[in-house]
Amino acid sequence: MNADTSQNTSPEYLSLYRAPAAWKKSFLYFGSTFRRRRHALVVDWLQSLNLPRPYSILDLGGTPQYWSYWKASQDAVITCVNLDTTVASDHPNIQVVHGDATDLSAWPDQSHDVVFSNSLIEHLYSFEAQERLSREIHRVGKHFFVQTPNRYVPIEPHFYRIPCFHFMPYPLKLYLLRRYRCGFYGPIKECTPAEDLLAEIRLCNQTDLQKLFPTSRLAPEAVGPFVKSWMVFSS
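Since the structure is predicted, the reported quantities are computational estimates derived from the model, not experimental observations.

K.L.:
Any chance you could explain the overall build of the protein here in plain terms?
P.N.:
If you tally the helices and strands in the protein, you get seven helices and seven strands. Along its sequence from the N terminus, the protein presents helices and strands in the succession α-α-β-α-β-β-β-α-β-α-α-α-β-β. Considering the protein as a whole, with its 235 residues, one finds that 46% of them fall into the buried category. Contacts spanning at least 24 positions in sequence make up 60% of the contacts within the protein whose residues lie at least 6 apart.

Okay, structure coming up:
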């Protein structure tokens, strides 16, 4: 989906592209720091469950590469559910199933010790689809962990080069995405793919997550006064 940014050499593009270089390094640094902290919290949470080894993890939207860095993966049999048919595994205890995380009918109720979802639920287009995912997580998992970026934060992580991108009027967001590198995405010159990406991402706020996971514990990941993202731990 990402176009080759080297083809756009207009002065206005180069100005926007070069200006956030230090911003990008800071964003990636803080992102890496939070991932390490989150990793430690999840490992502690898994250990607190006292699950028999090996326990089963169903990772919705994840990849084997993600788990290869986790010591916890040595104690688990992991299944990654991913729509991307290019995702594959060469790890003996990690398999990949290509499918839709909002339809887990291939697995019976309470079939996995843990359901894990990291930065997936915001990519489902609508609250109705997020509800379907929540129902499936509750159905197939004995325990679950969900992480997602917070809506009410100045930096949208998918479009981190442009502060408050997600609060801008839709025509302006579409214009910027089609013309500039906005973060992990862009420029996307064709209108339809750009529109589809903007429609795909629906960030959750605390109220949304309380509706989706009413009996769970919500833990914030904070940067100063802002909640960067939310973590949901099953009770």
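Read on, since the account is not over.
K.L.:
I keep staring at the packing of aromatic side chains and nothing clicks. Help me out?
P.N.:
Any two aromatic rings considered together are summarised by their centre-to-centre distance and by the angle between their planes. Overall, the coordinates contain twelve aromatic pairs when judged by the stated rule. Here Trp45 and Phe233 contribute two aromatic rings whose centre-to-centre distance is 5.6 Å and whose plane-to-plane angle is 65 degrees, an arrangement assigned as edge-to-face. Of the two residues, Trp45 sits in helix α2 (residues 21–48) while Phe233 sits in strand β7 (residues 226–233), which places them 188 residues apart along the sequence. When sorted by exposure, Trp45 lands in the same class as Phe233, which is buried.

K.L.:
Would you take a moment to explain unusual backbone geometry for this structure?
P.N.:
Negative phi values dominate among residues other than glycine, just as trans dominates among peptide bonds. Here the amide bond leading from Arg53 into Pro54 is cis, since omega sits at -10 degrees, within 30 degrees of zero. Residue position: Pro54 is located in the loop between α2 and β1 (55–60). The omega angle of the peptide bond from Gly186 to Pro187 is -10 degrees, so this bond is cis rather than trans. For Pro187, the location among the structural elements is in the loop between α5 (170–179) and α6 (191–200). The phi dihedral of Gln110 falls on the positive side, at around 55 degrees, and the residue is not glycine. With respect to the secondary-structure elements, Gln110 resides in the loop between β3 (94–98) and β4 (112–118). Looking at Gln110, the relative accessible area reads 38%, which means it is partly exposed. With a phi angle near 75 degrees, Tyr125 is a residue other than glycine that sits in the positive phi range. As for its position among the elements, Tyr125 is in the loop between β4 and α4 (127–140).

K.L.:
Where do I start with the pattern of salt bridges in this structure?
P.N.:
Note that side chains of opposite charge can pair when their charged atoms are close. Under the defined criterion, the tally for this structure stands at five salt bridges. One salt bridge connects Lys142 with Asp113, and the closest N-O pair in it is separated by 3.5 Å. Of this pair, Lys142 sits in strand β5 (residues 141–149) while Asp113 is found in strand β4, placing the two residues 29 residues apart along the sequence. Judged by relative accessible area, which is 12%, Asp113 ranks as buried. With its nearest N and O atoms 2.8 Å apart, the salt bridge here joins Arg139 to Glu136. Here Arg139 and its partner Glu136 are both found in helix α4, three residues apart, which amounts to about one turn of the helix. Under the relative-accessibility criterion, Arg139 is labelled partly exposed at 22%. In this structure, a network of salt bridges that share partners links the residues Asp109, Glu136 and Arg139.

Scoring rules and cut-offs
Residues numbered from 1 in each chain as written. Predicted model: local features only at pLDDT ≥ 70, side-chain atom pairs only at ≥ 80, totals over all residues. Heavy atoms only, no water. Helix = DSSP H or I, 4+ residues; strand = E, 2+ residues; numbered from the N terminus. Buried < 20%, exposed > 50% of the residue type's maximum accessible area, 1.4 Å probe, protein only. Contact = heavy atoms within 4.5 Å. Phe/Tyr/Trp six-rings, centres within 6.5 Å; stacked < 30°, edge-to-face > 60°. Salt bridge = Lys/Arg side-chain N within 4 Å of Asp/Glu carboxyl O.

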